[in-house]
Amino acid sequence: MNTKIAKSKSVVKQPKINVITLGCSKNIYDSEVLMGQLRGNNLNVVHESDKMGKDDIVVINTCGFIDNAKQESIDTILQFSELKEAGKIGKVVVTGCLSERYKPELESEITNVDAFFGTNDLKNILHELGANYKHELIGERLLTTPSHFAYFKIAEGCNRPCSFCAIPLMRGKHLSKPMEELVNEAKILARNGTKELILIAQDLTYYGLDLYGVRKLDELMRRLSDVPGIEWIRLQYAYPSGFPMEILDAMNERDNICKYLDMPLQHITDNMLKSMRRGTTKQKTIDLVNQIRDKVPNIAMRTTLICGYPGETEHDFEEMKEWVAETKFDRLGCFTYSHEEKTHAHTLVDDIPDEVKQQRVDDIMEIQQGISFDINQEKVGKTFKVLVDKKEGDFFVGRTEFDSPEVDNEVLIDAATGYAANGSFVNVKIDRAEDFDLYGTIV
């Protein structure tokens, strides 16, 4: 009797493409678009996986904004290039802001990286990875955030002349995305379970000027507000100079537009604002904040400030401290000045010692801690609509409409007192409050 033994065909395992994202929410968005295109090309793509094989490809989406971010990007490139050298992964590809800004230097210093790309090189990156750009995938993304919220980039680049900022060097001039394209993207996200859109750009308030000749952020907000399934729309990164007050009308009209505005003001003294090329003054800034609060009385305003900018005197700093204490922003972040090459401020002397910069940041944040504590105490006993982001230990962790992910306050709900699914909205009565956290019970 003849026995035939069939030889099984060996299956060639497709290498994984592991995308590592560093930096801001705009980089998160770019990584998601890249991953959506790779998935659309039937490639095996993952985000920040710990498990890698010797044939796998690592794509590092870098940040080049300030010194700490640049160092983190360089360290990450070196880490994976060493793994490649040791034969533990197949290829290393670098993209994003750092390689846009320093590509020649990186190519000469880190020679075993397979390819460096800039911030607007999507088609070339795809080609390097064996994929084709698919126009029909516009609006399709592979979310790296929980599916119920998504960063939603409405424009690229910036036309502002701020002296300290390297973003225009890395991202180019402001370029608004067409409104129809954005509405279509929002519909796709909503169909896939996204409930919150966090609108991001280097300058949201400039939206539409380049495409339509007028600012159209308010119209875009209303169009997105009409998309079924979108329950929250949040604005991040508004610019104070030329602020379009009509966006506040849209905020008042629509229940699903959060009463929240992130407006980085950077400083308050006239000489600092002038040197920073911010296009505004102390009084105009104070008037604008008051006008916004008058028009939307319960708005939560977030800002960010820079300490230790060249020439910042003790008097400048004291004036900023007084203003922070008087203005009582709901949310506030503070950063030490970073002396960036090729910016206008780089022509100035970086004359504030690092320890003084850090002490000034600490002083501002101590004031803000007290403000945040007082504001939070006023919420005790009140009930808020909360979007649940995750379960962490003994708590469900969520946010009110007045809080953006990662940077703002959280609401902690004792899991022993009730259940809340990730991505669900629940009404929470606040039982107690700390500096930056609220504790409550589902009602």
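Everything quoted here is computed from the prediction, not taken from an experiment.

Brief notes about the sheet that holds strand β14 (residues 383–392)
Ordered by their spatial adjacency, five strands build a closed barrel running β14-β15-β16-β18-β17, and the pairing between neighbours is mixed. Neighbour-to-neighbour, the strand axes of this sheet turn through a mean angle of 55°, independent of strand direction. Bridge analysis of β14 against strand β15 (residues 395–399) gives five bridges, and the strand direction is antiparallel. What sits directly across from L387, in β15, is R399.

Some words on the sheet that holds strand β13 (residues 331–336)
Here we have six strands laid out as an open sheet, ordered β6-β9-β10-β11-β12-β13, and parallel in their pairing. Of all strands in the sheet, those bounded by a partner on one side alone are β6 (149–153) and β13. The average angle at which neighbouring strand axes cross in this sheet is 20°, direction not considered. Both strand β11 (residues 257–262) and strand β12 (residues 300–307) contribute to a ladder of three bridges, which runs parallel. Counterpart to L261 in the pairing with β12 is M301. Across the sheet, helix α12 (residues 314–327) is in contact with β12 and β13; its angle to β12 comes to roughly 170°. Of the strands in this sheet, β12 and β13 touch helix α13 (residues 354–377), which is tilted by about 175° from β13.

With respect to the pattern of salt bridges
This model, assessed by the stated rule, comprises 37 salt bridges. Of the charged contacts, one joins D114 and K84 as a salt bridge, the two residues approaching to 3.2 Å between their closest N and O atoms. A residue pair is termed long-range when its members are at least 10 positions apart, and D114 in the loop between α3 (97–109) and β5 (115–116) and K84 in helix α2 (residues 67–85) qualify at 30 residues. The partner of R360 in a salt bridge is E312, and the shortest N-O contact between them spans 2.7 Å. Of this pair, R360 sits in helix α13 while E312 is found in the loop between β12 and α12, placing the two residues 48 residues apart along the sequence. Judged by relative accessible area, R360 falls into the buried class, the value being 6%. Linked by salt bridges that have partners in common, D67, K70, R101, E340 and E341 make up one network.

A few points about the layout of surface pockets
Over the atoms rolls a probe the size of a water molecule, and in doing so it shows where empty space is left. Its boundaries defined by the atoms lining it, the largest pocket holds a volume of some 1300 Å³. Elements supplying a minimum of two residues to the lining of the largest pocket: α1 (25–40), α2, α5 (167–171), β12 and β13. Partitioning the lining of the largest pocket into residue classes produces 25 nonpolar, 11 polar and 10 charged. There is about 810 Å³ of room inside the second largest pocket. Forming the boundary of the second largest pocket are 33 residues, of which D30, V33, N120, L122 and K177 lie nearest the centre. Taken together, the elements giving at least two residues each to the lining of the second largest pocket come down to α1, β4 (91–96), α4 (122–128), β7 (155–156), β8 (175–176) and α6 (179–191). The element that contributes the greatest number of residues to the lining of the second largest pocket is α1, accounting for six residues. Of the residues belonging to the lining of the second largest pocket, the class tally is 11 nonpolar, 10 polar and 12 charged.

Examining the UniProt feature "domain: MTTase N-terminal" (unreviewed entry) in the protein
UniProt marks residues 15–135 with the feature "domain: MTTase N-terminal" (unreviewed entry), using the numbering shown here. Segment residues 15–135 splits into 45% helix and 18% strand. End C-alpha atoms: 24 Å apart.

Remarks on the packing of aromatic side chains
On inspection of all chains with the given rule, the structure shows seven aromatic pairs. Taking 6.1 Å as the distance between ring centres and 85° as the angle between the ring planes, the aromatic pair formed by F149 and Y151 counts as edge-to-face. Between the aromatic rings of Y309 and Y337, the centroid separation amounts to 5.4 Å while the plane-to-plane angle is 75°, which identifies the pairing as edge-to-face. Placement of Y309 in the loop between β12 and α12 and of Y337 in the loop between β13 and α13 is noted, with a sequence separation of 28 residues between them. Y309 gets classed as buried once you look at its relative accessible area, which sits at 0%.

Brief notes about unusual backbone geometry
Phi angles above zero are rare outside glycine, and N42 is one such case at about 60°. Within the fold, N42 resides in the loop between α1 and β2 (45–47). Positive phi values are uncommon outside glycine, yet E48 reaches one of about 50°. Under the relative-accessibility criterion, E48 is labelled partly exposed at 37%.

Quick word on the pairing of β4
Of all six residues that make up β4, five are buried, and the element is covered over most of its length. Where strand β3 (residues 57–62) and β4 come together, six bridges link them in parallel fashion. Bridge pairing in β4 links T62 to G96. Following the chain from β4 across α3 to the adjacent parallel β5, one finds a crossover that is right-handed.

Describing the packing of α12 against α13
Direction vectors running N to C along α12 and α13 enclose 15°, while the axes themselves pass 10 Å from each other. In this view, α12 runs roughly parallel relative to α13, as classed from their interaxial angle. Considering the relative orientation of α12 and α13, their crossing is right-handed. From α12, E314, F317, M320, K321, V324 and A325 reach across to α13, where they touch R360, D363, I364, I367, Q368 and I371.

Things to note about the packing of α2 against α3
The contact between α2 and α3 brings their axes to 11 Å, and the two run at 80°. With respect to each other, α2 and α3 are oriented roughly perpendicular. Between α2 and α3, the residues in contact are K70, S73, I74 and I77 and L98, R101 and Y102, respectively. Looking at the contact of α2 with α3 residue by residue, the classes come out as four nonpolar, one polar and two charged.

Criteria and thresholds
Residues numbered from 1 in each chain as written. Predicted model: local features only at pLDDT ≥ 70, side-chain atom pairs only at ≥ 80, totals over all residues. Heavy atoms only, no water. Pairing = 2+ DSSP bridges. Helix = DSSP H or I, 4+ residues; strand = E, 2+ residues; numbered from the N terminus. Axes fitted to C-alpha atoms, helices over the stretch in contact; angles between N-to-C directions. Contact = heavy atoms within 4.5 Å. Salt bridge = Lys/Arg side-chain N within 4 Å of Asp/Glu carboxyl O. Buried < 20%, exposed > 50% of the residue type's maximum accessible area, 1.4 Å probe, protein only. 1 Å grid on protein atoms, 1.4 Å probe; cavity = no way out; pocket = protein on both sides within 12 Å on 5 of 7 lines; lining within 4 Å. Points joined across faces, edges and corners; volume = space filled by probe spheres on them. Nonpolar A, V, L, I, M, F, W, Y, C, P; charged D, E, K, R; others polar. UniProt positions renumbered as here; feature names shortened; annotations may be inferred. Phe/Tyr/Trp six-rings, centres within 6.5 Å; stacked < 30°, edge-to-face > 60°. Right-handed = clockwise from strand over helix to strand, strands pointing away. Parallel < 35°, antiparallel > 145°, perpendicular 65-115°, else oblique. Left-handed = near helix turned anticlockwise from the far one by under 90°.

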